[in-house]
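Commentary on secondary and tertiary structure
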Amino acid sequence: MESLAQLEALCERLYNSQDSAERAHAENTLKCFSVNTDYISQCQYILDNALTPYALMLASSSLLKQVTEHTLALQLRLDIRNYLISYLATRGPKLQPFVTASLIQLLCRITKFGWFDDDRFREVVKEATNFLNQATSDHYAIGLKILNQLVSEMNQSNVGLSSTHHRRVACSFRDQSLSQIFQISLTSLHQLKNDVASRLQELALSLTLKCLSFDFVGTSIDESSEEFGTVQIPSSWRMVLEDPSTLQVFFEYYAVGNAPLSKEALECLVRLASVRRSLFTNDAARSKFLAHLMTGTKEILQTGQGLADHDNYHEFCRLLGRFRVNYQLSELVNVEGYGDWIRLVAEFTLKSLQSWQWASSSVYYLLGLWSRLVTSVPYLKGDAPSLLDEFVPKITEGFITSRFDSIQAGFPDDPSENPLDNVELLQDQLDCFPYLCRFQYESSSLYIIQTMEPILQTYTERARLPADDNSDLSIVEAKLAWIVHIIAAIVKIKQCIGCSMDSQEVLDAELSARVLQLIGVTDTGSHSQRYGQLSKQRLDRALLTFFQHFRKSYVGDQAMHSSKLYARLSELLRIHDHLLLLNVIMSKIATNLKCYTESEEVIDHTLSLFLELASGYMTGKLLLKLDSVKFIIANHTREHFPFLEEYRCSRSRTTFYYIIGWLIFLEDSPMKFKSSMEPLLQVFISLESTPDSMFRADAVKYALIGLMRDLRGIAMATNSRRTYGLLFDWLYPAHMPLLLKGISHWSDTPEVTTPMLKFMAEFVLNKAQRLTFDSSSPNGILLFREVSKLIVAYGTRILSLPNAADIYAFKYKGIWISFTILSRALAGNYVNFGVFELYGDRALSDALDIALKMTLSIPLADILAYRKLTRAYFAFLEVLFSSHIVIILNLDTSTFMHIVSSLESGLKGLDTNIASQCASAVDNLAAFYFNNITMGEGPNSPAAINLARHIADCPTLFPEILKTLFEIVLFEDCGNQWSLSRPMLSLIVISEKIFSDLKAQILASQPVDQHQRLSLCFDKLMADVTRSLDSKNRDKFTQNLTVFRHEFRVK
């Protein structure tokens, strides 16, 4: 770098330029500062002499990268640390905030990485305190920023540090320094209470919040999540937390501060309200703490101060919600002023429900609090009244009213805003509400019925009118959808509070009867022309949700325990038992499948319910008795179910046929199977009779796609040798040629080839040992021949086609499914592959040849970039190396090297399953070398000769892989150590020289004072391990490796 001025100009371009090429050039030129350790002194020179903040930023960020990615000498790190502290003290107040932040991050990173290397690193809190004791507010701010960053740094894991080491540092920091920092933050808050400049107050509050949010026990709570469990504050903090001034200071800051100060004060209170119960000296101290929390929240409720700010409002609701997690109702009731507090919370909840536009997400914390309170009522001892009887019914009614008000006001056009569209989320949010309803079930169920009946009456009358003016009908449907969701949530839980189970069942029947009455109306009269309307679809999804919950509580195995419910339903609707109710459910399922052609959500939800019923042991048997189910099994054609013709619902076809297959196979009847497959047979006959010249027509295309999706569903339903045999005999040999014809004509159209290949991948999968043929049957071999023909036909054509813009959809997707087909067929254990070579059959070699050509046609970077392709590729390689290694060894050296080096890339990846597959493949290769070359009398088979030649041409192959394996085990957190230990031993026993060279390499990379200890670790690794690969020896090595890893990593 010729001059500092040039460097400053480059830095200016790096951080400020709008031109990406200019930025890239500057980044490339300046990269040396962050990569090369020789440039550390230049970074110091820049910090001392540069005038622009961007040059200072470059120096700071480069040093941060150096410290994180390189192991620097201890003295150098101490020098950098001392330099930074004095630099911040002298120049810190005048620096730009982003430069100060970067320098402080560097100081904290050095501190963390050197925490166990020298005691001087641990004095950082004392250094920060010196800043706080300076006269200027600028120095005070720097001190608080250092402590803020230090707590953050210690609480998050780093790329250059193993998670074990990170946890050790974090625990040591927690025990030695965190309590002191927390007290500093509280002292600062007290001192700064009257400070007009809120900047220091913000820093002090932020520091307190970071201390309270520290991961005390290593549970790695998800910070993006709204919820967390109990805060596990150490016992040493007890006195500080029991001091009333600690809680009070946050209430005071909330009272005087504006956002975001007030929000942070509430966040601190949320954490304090969640402190573990066992922290307090005794129950009296705990009750005092609770009383203080209740008094503080009561004052906020009385004045309403700060709650006009949405963030404060949301955080305050969270604070009230925390009362349910950490305190019992019996404790709350005994606190003086409980009556006023619960009344204010009830009023606040009702007001929140009325302000539904503003408080929609926050209100669920409040409902959570009330549900926890009502479920605690049975355990309440003593005379103190809970006063819940007075407030809970009002809240129940307020919730329903608020939902209706929101509908009446209308939602924005954006569908993502409507809670009725996200059924799963809505049911999660409604989780708490049923407990409130069941608390005084008679009155709340009566209120729901009284609310629902006039709306149901209107809806019934509208069915008789012509479908002209529908604007208000969508509001009626939305209200009904809400009520049905609420009833569904109530039926989902059967917990009784304050009344008997029998009376609860009767009330469940009353509510359910109204929903069943509604079902009798939804598809009649003018309503039957509204399937395209969103509000109608939402109502039908609500009804499906009701059926799902009702089924779990009252149908099938549960039915015999529900006599009171069915007795009442019999009186109301003449539904005497669960078979009649199943008939109602199935009629609705059949209607949805017939009438909805374009709404994927309703079709998928309907099929999901149908699948739940069909796969239940008892309900599946019951379904077969119903006429509606018999009709579906006999007439599963697009004439009866138009959604089968709709291309956008084509994925649903697989689920539909999976259910039909499941129901067919429940009965052990080959005749039933054949008659049910008649509609599919007609499609086969039609396609097989189509001449080649017509085979590229759109009608053929869609028929093929549909047929393959349908067959895949049927194949998924075959779970036994008997059922698979029925399908196999039906398909083979008569209909297999159509698959080959389809692949040959449509290889350039992934819409067709993907369903075909996916069907084949399902058909060759030997799950539950379903592909077990008789010992005299050639079916396994015949099936593999078909697989080979299909793979060869697809592979040769797809490889000859030019790449499209979306290469994954056009080419890679089909290729990875082909790998999956081959992996499943090769590992399925139903084919004796030796037969092919013995009789000169090219099926196996052709399939493997084309598969290898497909693997080599994809750059390794692409293989690793697409997750599904990565998984299929490495699964295929694992099978090849385990059962067909000769194919790999007979390749030319460059191809062999390419494949083996891809295994090394897989080992380094983040996916432990893939790493384990690669480890298994490497183990098979190394074991082959050891058994045939190291221990053999020289290579005597062609494959062994080839392997010896490959290794002679590239002698660094095995040492490099062994080095990678050692690095993963020693320096990373691997969850698959057992799998990695297998190839490690195989590679070590191949050549002692490889192992001794690697040992020297690893020792050289470690500090000199550690060499003797680490050398002993290596000796222990091979203790009692012989030069063989028998299982006993392998297990001994794996045990030694576990000890070796632990001892090596101890600093």
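Description of the structure in this document. (Residues numbered from 1 in each chain as written. Predicted model: local features only at pLDDT ≥ 70, side-chain atom pairs only at ≥ 80, totals over all residues. Heavy atoms only, no water.)

Further remarks concern the overall build of the chain. Scanning the chain from terminus to terminus reveals 54 helices and zero strands. Projected onto its principal axes, the C-alpha positions of the chain cover 90 × 90 × 60 Å. In the chain, which comprises 1051 residues, the share counted as buried stands at 53%. If you take every contact in the chain between residues at least 6 apart in sequence, the share linking residues at least 24 apart comes to 75%. As displayed, the chain offers around 44,900 Å² of accessible surface, 51% of which is attributable to carbon and sulfur atoms. Side-chain charges in the chain split into 100 positive and 114 negative, and the spacing between the mean points of these groups amounts to 3 Å. (Helix = DSSP H or I, 4+ residues; strand = E, 2+ residues; numbered from the N terminus. Buried < 20%, exposed > 50% of the residue type's maximum accessible area, 1.4 Å probe, protein only. Contact = heavy atoms within 4.5 Å. Areas by Shrake-Rupley, 256 points an atom, 1.4 Å probe, with all protein chains shown as cover. Lys, Arg positive; Asp, Glu negative; His and termini not counted. Charge placed at Lys NZ, Arg CZ, Asp CG, Glu CD.)

Running from N to C, helix 26 (residues 501–522) and helix 29 (residues 578–595) cross one another at 35°; their axes reach a closest spacing of 11 Å. Where helix 26 crosses over helix 29, the handedness of that crossing is left-handed. Contacts between helix 26 and helix 29 involve Leu516, Ile519 and Thr522 from the former and Leu581, Val584 and Lys588 from the latter. Taken together, the residues of the contact of helix 26 with helix 29 break down into four nonpolar, one polar and one charged. (Axes fitted to C-alpha atoms, helices over the stretch in contact; angles between N-to-C directions. Left-handed = near helix turned anticlockwise from the far one by under 90°. Nonpolar A, V, L, I, M, F, W, Y, C, P; charged D, E, K, R; others polar.)

This part covers the nonpolar core. Membership of the largest hydrophobic core comes to 363 residues, with the highest contact counts inside it found for Trp370 and Phe966. If one sorts the elements of this core by residue count, helix 25 (residues 471–492) sits on top with 14 residues. If near-sequence neighbours (up to four positions away) are discounted, Phe966 is found in contact with Met984, Ile988, Phe995, Leu998, Ile1002, Phe1018, Leu1021 and Phe1044. (Core = buried A, V, L, I, M, F, W, Y, C linked by side-chain atoms within 4.5 Å.)

Right, let's get into unusual backbone geometry. Of note, the amide linkage connecting Tyr732 to Pro733 takes the cis form, showing an omega dihedral of 0°. Within the secondary structure layout, Pro733 lies in the loop between helix 37 (721–731) and helix 38 (736–746). Despite not being glycine, Arg574 has its phi angle at roughly 60°, a positive value. Here Arg574 is to be found in the loop between helix 28 (563–573) and helix 29. The phi torsion at Asp1024 lies on the positive side, around 65°, for a residue other than glycine. Among the secondary structure elements, Asp1024 is positioned in the loop between helix 53 (1011–1021) and helix 54 (1031–1049).

On to the packing of aromatic side chains. Throughout the structure, instances matching the rule amount to 48 aromatic pairs. Centre to centre, the rings of Trp115 and Phe173 are 5.8 Å apart; their planes meet at 75°, and the pair counts as edge-to-face. Placement of Trp115 in the loop between helix 7 (97–113) and helix 8 (124–132) and of Phe173 in helix 10 (residues 163–191) is noted, with a sequence separation of 58 residues between them. There is no split in this pair, since Trp115 and Phe173 are both buried. Aromatic side chains Tyr873 and Phe874 sit 5.0 Å apart centroid to centroid with 75° between the ring planes, which places their arrangement in the edge-to-face category. Phe874 sits in the buried class, given a relative accessible area of 1%. Among the aromatic residues, those joined into a ring-pair cluster are Trp115, Phe173, Phe182, Phe214, Phe216 and Trp237. One cation-aromatic arrangement involves Arg168 over Phe116; the distance from NZ or CZ to the ring centre is 4.6 Å. The cationic tip of Arg696 hangs over the ring face of Trp746; the distance from NZ or CZ to the ring centre is 4.5 Å. (Phe/Tyr/Trp six-rings, centres within 6.5 Å; stacked < 30°, edge-to-face > 60°. Lys NZ or Arg CZ within 6 Å of the ring centre and 35° of its normal.)

A few words now on the environment of Met1022. Its location among the elements puts Met1022 in the loop between helix 53 and helix 54. Separated by 76 residues in the primary sequence, Met1022 and Asn946 place their C-alpha atoms 31 Å from one another.

Here helix 33 (residues 650–666) is 17 residues long and its end C-alpha atoms lie 25 Å apart, about the 24 Å a rise of 1.5 Å per residue gives. Along helix 33, 13 of the 17 residues are buried, which leaves the element largely enclosed by surrounding structure. (Expected span 1.5 Å × (residues − 1).)

Structurally, the position occupied by Asn1033 is in helix 54. We classify Asn1033 as buried; its relative accessible area is 5%. For Asn1033, the contacting residues outside a window of four places in its chain are Leu985, Asp1024, Val1025, Thr1026 and Ser1028.

Turning our attention to the environment of Ala170. Of note, Ala170 is situated in helix 10. Separated by 24 residues in sequence, Ala170 and Asn194 place their C-alpha atoms 34 Å apart. Discounting chain neighbours no more than four positions away, the residues touching Ala170 are Met154 and Phe214.

Another point: the state of the cysteines. With the rule as written, the count across this model stands at zero disulfides. Of all cysteine sulfurs in the structure, the one in Cys43 sits closest to Cys32, which takes part in no disulfide; the separation is 8.7 Å. The exposure class assigned to Cys32 is partly exposed, which follows from its relative accessible area of 23%. The thiol of Cys437 is not disulfide-bonded; the next cysteine sulfur, from Cys432, is found 12 Å away. (Disulfide = S-S within 2.5 Å.)

On to the pattern of salt bridges, then. In this structure the tally under the stated criterion is 48 salt bridges. A salt bridge links Arg13 to Glu22; the nearest nitrogen and oxygen atoms lie 3.9 Å apart. Judged by relative accessible area, Arg13 falls into the partly exposed class, the value being 34%. For Arg982, the salt bridge is made with Asp1035, and the minimal N-O distance between the two is 3.0 Å. In this pair, Arg982 sits in helix 51 (residues 977–990) while Asp1035 sits in helix 54, placing the two residues 53 residues apart along the sequence. Salt bridges linked by common partners bring Glu453, Glu510, Arg514, Arg568 and Glu571 together as one network. (Salt bridge = Lys/Arg side-chain N within 4 Å of Asp/Glu carboxyl O.)

In this section: helix 38. Residues Met736, Leu738, Leu739, Lys741, Gly742, Ile743 and Trp746 constitute the buried set of helix 38. For helix 38, the secondary structure elements touched by its buried residues are helix 35 (678–688), helix 36 (698–717), helix 37, helix 39 (750–763) and helix 40 (779–800).

This paragraph deals with the packing of helix 15 (residues 283–303) against helix 16 (residues 310–326). Helix-helix packing: each pair is described by the crossing angle between the helix axes and the interaxial distance. Two numbers describe how helix 15 lies on helix 16: the axes approach to 12 Å, and their chain directions differ by 150°. Classified by the angle their axes make, helix 15 and helix 16 are roughly antiparallel. Crossing handedness for the pair helix 15 and helix 16: left-handed. Packed against helix 15, whose contacting residues are Arg286, Leu290, Leu293, Met294, Thr297, Ile300 and Leu301, the element helix 16 presents Phe316, Leu319, Leu320, Phe323 and Asn326 at the interface. Looking at the contact of helix 15 with helix 16 residue by residue, the class counts come to nine nonpolar, two polar and one charged. (Parallel < 35°, antiparallel > 145°, perpendicular 65-115°, else oblique.)

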